[in-house]
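The chain contents come next:
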Amino acid sequence: MVGFSNENGNINYSEEVLAKIVGLSTMECYGVVGMVSKNASEGFWELIGIENFSKGVKIQLTSEKKLQIELFVMVEYGTKISVISNNIIQKVRYSVENYTGLKVSSITVNVQAVRV
């Protein structure tokens, strides 16, 4: 659980809810084929559906009460990976901070596969 307190009380978010926000925001970006499982073995990356976005997202809370987000994606062949990654970072940061009120300290985009 990740959360914060203010004068009105406490708000807590499950990691699964945060992962869905991150995953849906990522999927809205041009050039992204999908989220992939971070636990892939033997070099095979499995595309994951909306119900399992937490398998493609890793979220940690820093000592400053900010989120460190790491996500694993597959991109479309022929697209510029640096542009896609920057779009993902901007979209995810905006979505998480806007929807939850939590602050994001860093976002790491791991491009694990390219769909030809």
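Residues numbered from 1 in each chain as written. Predicted model: local features only at pLDDT ≥ 70, side-chain atom pairs only at ≥ 80, totals over all residues. Heavy atoms only, no water.

Caption draft 1: Region of the structure containing the nonpolar core. In this structure, V57, L67, I69, L71, I88, V92 and V96 are the most contacted members of the largest nonpolar core, which totals 26 residues. Going through the elements one at a time, α1 (15-27), β3 (32-36), β5 (57-61), β6 (66-76), α2 (81-100) and β7 (103-115) are the ones with two or more residues in this core. Here this core takes five residues from β6, the largest share from any one element. Within the second largest apolar cluster, five residues are counted, among which are V33, V36, M74 and A113. (Core = buried A, V, L, I, M, F, W, Y, C linked by side-chain atoms within 4.5 Å. Buried < 20%, exposed > 50% of the residue type's maximum accessible area, 1.4 Å probe, protein only. Helix = DSSP H or I, 4+ residues; strand = E, 2+ residues; numbered from the N terminus.)

Caption draft 2: Seen up close, the pattern of salt bridges. Taken as a whole and assessed by the stated rule, the structure comprises two salt bridges. Linking K91 and E28 is a salt bridge whose minimum nitrogen-to-oxygen distance equals 2.9 Å. Residue K91 is found in helix α2, and its partner E28 is found in the loop between α1 and β3; the two are separated by 63 residues along the sequence. Note on E28: relative accessible area 58%, which makes it exposed. For E76, the salt bridge identified is with R115, shortest N-O distance 2.8 Å. Pair noted here: E76 is in strand β6 and R115 is in strand β7, with a separation of 39 residues, a long-range link. The exposure class of E76 is partly exposed, given its relative accessible area of 27%. Among the residues examined, R115 registers a relative accessible area of 41% and is labelled partly exposed. (Salt bridge = Lys/Arg side-chain N within 4 Å of Asp/Glu carboxyl O.)

Caption draft 3: Representation of the environment of Q68. Checked against the element boundaries, Q68 lands in strand β6. On the accessibility criterion, Q68 (32% relative accessible area) is partly exposed. Sequence separation of Q68 and K58 is 10 residues, and the distance between their C-alpha atoms is 8.1 Å. Leave out the neighbours within four places in its chain, and Q68 touches K58, I59, Q60, T62, S105 and S106. (Contact = heavy atoms within 4.5 Å.)

Caption draft 4: Structural context of the confidence of the model for the protein. In the predicted model, the protein carries a mean pLDDT of 89, and the fraction of residues at 70 or more is 93%. Predicted confidence in the protein is weakest over strand β1 (residues 2-6), with a mean pLDDT of 75, and strongest over α2, with 97. (pLDDT = per-residue confidence, 0-100.)

Caption draft 5: Representation of α1. With 13 residues, α1 extends 18 Å between its outermost C-alpha atoms, agreeing within 8% with the 18 Å of an ideal straight helix rising 1.5 Å per residue. Every buried residue of α1 is listed here: L18, A19, I21, V22, G23, S25 and T26. Each element contacted by the buried residues of α1 is listed here: β1, β2 (9-13), β3, β5, β6 and α2. (Expected span 1.5 Å × (residues − 1).)

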